[in-house]
Amino acid sequence: MKNKYSIYSLIKNAFSHHENWQRAWRDPEPKKEYDTIIIGGGGHGLATAYYLAKKHNIKNIAVVEKGWIGGGNTGRNTTIIRSNYLWDASAGLYDHALKIWEGLSQELNYNIMFSQRGVMNLAHNLQDVRDLKRRTHANRLNGIDAVWLNTEEVKKFCPIINTSSNIRYPVLGGTLQKRAGTARHDAVAWGYARAADTMGVDIIQNCEVKGIKRNGDQVEGIETTKGYIKSKKIGVVAAGHSSVIANMAGIRLPLESKPLQALVSEPVKPIIDTVVMSNAVHAYVSQSDKGELVIGAGTDAYISYTQKGSHDVAEGTLKAILELYPIFSRMKMLRQWGGIVDICPDASPIISKTNIKGLYFNCGWGTGGFKATPGSGDLFAYTIANDEPHKLNAAFNLNRFVSGDLVDEHGAAAVAH
Amino acid sequence: MKKNLRIANTKFIDQTSRISFKFNGKTLYGFKGDSLASALLANNIHLVARSFKYHRPRGIMTCGSEEPNAIVQIGNDPSLTDPNVRATEIEIYEGLEATSQNCWPSVNFDIGGINNFISPLLPAGFYYKTFMWPASFWEKYEYFIRHSAGLGKAPKKPDPDLYDHQYAHCDVLVVGGGISGIISAKLSATKGLDTILIDDKNFLGGSTIYQENSSYKINDINSNKWLNKEIESLRDYPNLIIKNRTSLAAFHGYNYLLARENLTDHLSYNEKKDRIRQRLWKIRSKKVIIATGSIERPLIFSNNDRPGIILCSSIKKYIDYYGVKTGENISLFTNNDSAYETALSLNKSGIKINAIVDIRKYSESSIVKEVLNLGVNILWESTIVETHGYKRIKSFEVMKLSKDGNSVVGSKSKYITDCLGISGGWTPMVHLFTQSGGKLKFKNDDNIFVPDENKTPSDQTSVGSCNGDFKLNEIIGNTVENLKVFLDLNKTCYDDMKVICPDEKTKRNIWLLPSDKPLYKTKPFLDFQNDSTAKDVKLALREGFKSIEHVKRYTTTGMGTDQGKLSNMHALGIIADTTGTNMGELGTTTFRPPYTPLSFGTIVGRNVGEFFDHTRRTAIHDWHIENKAEFENVGQWKRPWYFPKNGETMHQAVQRESKAARDSAGILDASTLGKIDIQGTDASEFLNRVYTNSWSKLAIGKCRYGLMLNEDGMVYDDGVTTRVGDNHYIMTTTTGGASNVLSKLEDYLQTEWTELDVYLTTVTDQYSTISICGPNSKNIIQKLIPDLDLSDKNFPHMSFKNSKIFNVKCRIMRISFTGEHSYEINIQSNYAKDLWKKSIDIGREYNITPYGTETMHLLRAEKGFIITGQDTDGTLTPSDLQMDWIIGKKKYDFIGKRSLYRSDTIREDRKQLVGLLTDDPKEVLEEGAQLVENINNKPVEMLGHVTSSYFSPNLNKSIALAIVKSGKKMKGKKLIVPMENKNISVTITDTVFYDKENKRLNA
Amino acid sequence: MFLINCPYCGERDQTEFSCGGEAHLERPKQPTELSDDQWAEYLFMRKNIKGIQYERWNHTHGCRKWFNIVRDTSNDKIHAVYKIGEKPPVKI
């Protein structure tokens, strides 16, 4: 059992000069066989392992990670959390996650700094207004706390937005979800890792999967850089590299992997106290607790695994930022990076069984996976443990691409988020 | 205490031109050429800032872009203030105002300093472990965390400054104007290559240029004199562009580089005015030579962060370049020979050197001997175990190092000092190299990462100390040898150089220096700005954070505004030592662009305000402006939305316009609709494949409405296409869809149906479209074109005529989006405004009324015509829109056909387009509102939503279109539109509300 | 921002082009003969390769011609450019 984190443990450990803190997680060598293996040690993968252990009583679990945990999109995203999605299926999924977020620090005993500072989505043309109102009405009926704001209310909620009517694309209003906000991305991976490790999950870092072994239609195990590991159940949560794993298993997925860029400014004193997203001009921004403006840019329009992204995308984003916030012109970009996101044709994720027994995929989160982390982990764990989807992720199966029952969230996800 | 810390003139600072500036409200003086840091030091000001976490007093530590501490707010004008400016980088100018950041009430007395005393409670990652109780309090805790974090203050008003972009293409780009960069630029220019040399300073020559030391000779003259001559000689090359004050920000693939040129930051407010502040150079260079040099490392020991503790090479630059003494009783602490150069410079300027503490056993090099000969007290094999002095270093304590360097031995001695120089060796600046995709290798001798020549992307090379060459003779020799290969040179002017320089033979490196106290009682800072210490790194490792990226994120080491230029190597070293790993295996964290922070304004350049995006205006736009139109943005187009008269509201204007169009005549500028000219012998077959309906039998001179799908079967675009000749069609698309439709059609034509003989040309801008509708439209057209036979027989609905208006050729389509008798005139755009005006003049007797998009939408909704994008959302098939009639079932194939027969696209209970009437005819529904059957069911099942909704003046009631689950079967059924404050009762109807028999088309 | 050597215009900045995804996915000649699964395979399923990929590009802001390139998606290096209808280079 791990020591509980609290102000008291902090004071107690201060007296022993912080020499006695336990490891947050072990660093085990892989066993020969596991009941379930999760490929991918990001937030989603670690959460899946945690819920498998906690809710489904599966103890012999490994998470294999080719690099370091939380090193992919978990540690590269702009940490926006919201659930104001249009379709019932999406709203159900993301609000399930949001409800878990609300108690996650306490559940994991790890301060993931979930800060419900609200997320505003702006409308810049008449169709935006229609679409956002449609979403707000749907949200309200789905029990999601989204409201419509007119331009004055937008300005009141975030005074630094340029709401002047003579800019190129004036703000015609927006929606606000107050329960939405941000969380500390690294802490999410670390908190889940620590909690999963406590329950006996083996987190194996620097262990790259090189092959998936099948016996007919049943998975048998994985070849890794740390040797062969047997398991009859394998959950793949490899984000941008999902197709790479899928190719090893001999299946194809409806995914394209593209670099999504983000950047931060130098830290300044509090200047923006909420999250503002604008699909039409392609910009979204929030301010971290450290004071950096956290800005999400778009994806490159071609497949690439380079984790870089091209300059014109970042330039285009900052252009939009200055259109909405001309006071940011003298702010300085401190760091710019990219992550590889796997995008589905309908901009909705896949949490699904496959045609291969014991092989499950959780992928296709595109530009917005972080916000779903706890919900995605919970539902994927359910799907793996029961070999059938939970009702909240039933719509996100692979078969929808065959039957045509897509969950088209392009309206909600036209811009990276 | 007023002291004169200036020594006699140096040739770099003009001591005749005095400049006044303010620091924390106090007026001070410096000279032209001073950096803010050198000017402050000359005024004996060391305490300039407070640290991020513990609010410890901090001073100026370096003289360049690696400065972690001395960052200040410049200016206090709310639109021009700049946060987080490094005092070491900004040049002073008349009127400059700088203020310390992150302190309250002042840098001298900062309440936040209390954090320093509770620092045992604030180890790395403490916030992950606490602030969790009570759960609802996090946002309250966070409020205080947020307000104590941050550094400077963002401007409060828009930036009035201008920023520029410039593209440059060259053969060779040389980054860095130190000695290796100068040699590279000259060799490149001599070969006749178009060369650009950039350097971030306001002078060329790097550190060699003020290296006034007889131990360094090139061809028998002092190295600085030799280099000065070389710089002079660069002027002779017309093919060489030199850019000072230009710093390279990013090195992307394919040798695409971004550099920021600073044009006015060093000028006084008057001089700055109306000039471009910064220019972003976007450079494509065939070859890139990186000559970015190296920066000196600090040493990591207890309380190594006090004001007055400065890198040795910076002390030397302050004295040799700026002529500023950083102290009067200076001591040095080093692990290498470079501190001895500082000692010689200090001695030459008459400054007392208290002691030199050197962790090495001894050094044989000539420069050390020179210092020894001066009688300086050198404490060999010793280390500083503690320093004292709160706002400025006052003293330090020294002990002997054990043989293995892991501990200290013997007795402690105390030294008084007012400035301590530290030197922990040199770190090559490999940022740009790695940004470009290069891989590093670790050199154990020097404990440095250098470019791996086997893993260097082609078309670039690194020279000088950024490549790991530190000795003058090696820098010159290796640079020249390297460039002979890289630039394909035979003989060079640098082939027989005679270079004399000291030779450092003894090396010793200890990443974390030992102390007599246990580690927990010391404060050995690694990242000065973020206040992370060696203790934090070790704590992270104890807690299982193994990867360098984990340690960095957990401790925030290297995440300040200096991006770890000073701290990263030591963090790596301590991790390697603690875990027993080789540093080479550990690797580095990723160096991310930009190299130094880059303002958003510079990145964006001129693309702000009205240049944020292209604005497309129709040829008739000016008339709309003159007639007070309100505009709607549709894509990049500005479209008249409605034309209010005499203070009308939008509602009033739209009602009037809609009524007039049906009662007599309306006129619409429809120029923004996409128009594609389609020609070729297979044009008909092509249309068969792209539209759902059949085109083969469309007669010449006839028009037909078409629906285009995506390959996934969902409605994508629609419009009327006219057959103007045997092999010639004009297709219209929606305004927003025009360019995507063209691209899509070109794609199929070029890649899938290469056998088709079809040519596509966009003519959207070439032709303007004026639509005249209403019962009197025929009369108006007749007056415009008296000799055209407008009889239904000659010119029926859905047909077209070539004609002439006032001798200008035009195409006239009799088609209708309003349900009225209606004509669309397509005319060459330069005649469009004239034709529009004439139409209005001629139509005046019929009360011709210009109308905008809102009225157009209303009129078409009365007729149940869809607008793709408004009534569709990419999830609806033609059948969902109750448009099964438009699917050419006999056609073998068309885009999207196969998708219409998938198990979920043939379901009967899909959402389908219907009409809605409110029980209260005055109640206008909100577009986007949802439809439910039973509001009391939880969760509420949403059946669909309102896509279009208007008050129809022609029917005198509210009408709406909606998509509803199983809507086709629900005609007559009552549903509820649940609003926040009320439930609106509606009845599902047919989609056509007005003139169901289409009588008006021929009226 | 890599450079693409358009077979019609020569070397240009990538921002002038747009990518059309995986190449050599020929539109089925008889879509109606396909099962839902087979049609979905054409419509949505992609190799999404990390490494050498054959893909379609269009010189949108230039000649507007479509052509194919062979690009390594792990480092954006372009190995070959060839016109529509031409055989892909076998050896990379």
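Description of the structure in this document. Keep in mind it's a predicted model, so treat the numbers as computed, not measured. (Residues numbered from 1 in each chain as written. Chains lettered and ligands numbered in written order. Predicted model: local features only at pLDDT ≥ 70, side-chain atom pairs only at ≥ 80, totals over all residues. Heavy atoms only, no water.)

What follows covers the overall build of chain B. What chain B contains, in helices and strands, is 24 helices and 51 strands. Computed over its C-alpha atoms, the radius of gyration of chain B comes to 38 Å, more than 25% above the 30 Å expected for a compact globule of 1003 residues. Principal axes of the C-alpha set define a box for chain B whose edges measure 115 × 70 × 55 Å. Expressed as a percentage of the 1003 residues in chain B, the buried residues total 65%. Approximately 37,500 Å² of chain B is accessible, and the part contributed by carbon and sulfur atoms is 50%. Charge separation in chain B, taken as the distance between the mean sites of 130 positive and 118 negative side-chain charges, equals 3 Å. (Helix = DSSP H or I, 4+ residues; strand = E, 2+ residues; numbered from the N terminus. Rg over C-alpha atoms; globule rule 2.2 N^0.38 Å. Buried < 20%, exposed > 50% of the residue type's maximum accessible area, 1.4 Å probe, protein only. Areas by Shrake-Rupley, 256 points an atom, 1.4 Å probe, with all protein chains shown as cover. Lys, Arg positive; Asp, Glu negative; His and termini not counted. Charge placed at Lys NZ, Arg CZ, Asp CG, Glu CD.)

The next subject is the interface of chain A and chain C. Taken residue by residue, the interface counts 24 residues in chain A and 26 residues in chain C. For the pair chain A and chain C, the summed buried surface comes to about 2,100 Å²; carbon and sulfur atoms form 55% of the total. Linking chain A with chain C are 2 salt bridges. Of the charged contacts in the structure, one is a salt bridge between E22 of chain C and R252 of chain A, with a shortest N-O distance of 3.6 Å. In this structure, the connection of chain A to chain C is made through 10 residue pairs in polar contact (both at pLDDT 80 or more). Every element with two or more residues in the side of chain A that touches chain C is listed here: helix 8 (242-249), strand 13 (256-265), helix 9 (311-324) and helix 11 (400-403) of chain A. For the side of chain A that touches chain C, the leading source of residues is helix 8 of chain A, giving 3 residues. For the side of chain A that touches chain C, a count of residues per class yields 12 nonpolar, 8 polar and 4 charged. (Contact = heavy atoms within 4.5 Å. Buried area = accessible area lost by both parts, 1.4 Å probe. Salt bridge = Lys/Arg side-chain N within 4 Å of Asp/Glu carboxyl O. Polar contact = N/O pair within 3.5 Å; in protein donor to acceptor, adjacent residues only side chain to side chain. Nonpolar A, V, L, I, M, F, W, Y, C, P; charged D, E, K, R; others polar.)

Another aspect to go through is the interface of chain A and chain B. A common way to report how large an interface is uses the accessible area buried once the components associate. The interface is formed by 98 residues belonging to chain A together with 117 residues belonging to chain B. Both faces combined, the contact of chain A with chain B buries some 9,500 Å², and carbon together with sulfur accounts for 56% of it. Scanning the region where chain A abuts chain B turns up 13 salt bridges. Measuring nitrogen to oxygen at the nearest pair gives 2.8 Å for the salt bridge that ties E142 of chain B to R117 of chain A.

One finds W101, Y110, W190 and Y192 of chain A together with F333 and L420 of chain B to be the most contacted residues of the largest nonpolar core, which totals 120 residues. Here the element with the most residues in this core is helix 7 (residues 185-198) of chain A; it accounts for 8 residues. Ignoring any residue separated from it by four or fewer positions in sequence, one finds W101 of chain A in contact with I81, I112, F114, A183, V188, F370, K371, T373 and P374 of chain A. (Core = buried A, V, L, I, M, F, W, Y, C linked by side-chain atoms within 4.5 Å.)

Further remarks concern the pairing of strand 15 (residues 276-290) of chain B. Residue and element names in this part refer to chain B. For strand 15, a buried count of 12 out of 15 residues is recorded, marking the element as mostly surrounded by other parts of the structure. Sheet topology places strand 8 (residues 162-175) next to strand 15; 13 bridges connect them, and they run parallel. In the sheet register, H169 faces strand 15, and the bridge partner there is R284. The pairing of strand 14 (residues 256-262) with strand 15 spans 7 bridges and is classified as antiparallel. Across the sheet, residue E261 finds its bridge partner in strand 15, namely R279. (Pairing = 2+ DSSP bridges.)

Taken together, the side chains of I7, Y8, I11 and F15 of chain A present a nonpolar region at the surface, about 470 Å² in accessible area. If you trace the backbone, I7 of chain A turns up in helix 1 (residues 7-15). (Patch = residues over 30% accessible without salt bridge, like charges linked within 9 Å, V, L, I, M, F, W, Y side chains within 5 Å.)

In this section: the environment of T175 of chain A. All names here are of chain A. Looking at the element boundaries, T175 is found in strand 6 (residues 173-177). Each C-alpha atom, one on T175 and one on N121, is 5.2 Å from the other, the two residues being 54 residues apart in sequence. For T175, the residues in contact, after removing those within four places along its chain, are N84, V119, M120, N121, L132, T136, V147 and W148.

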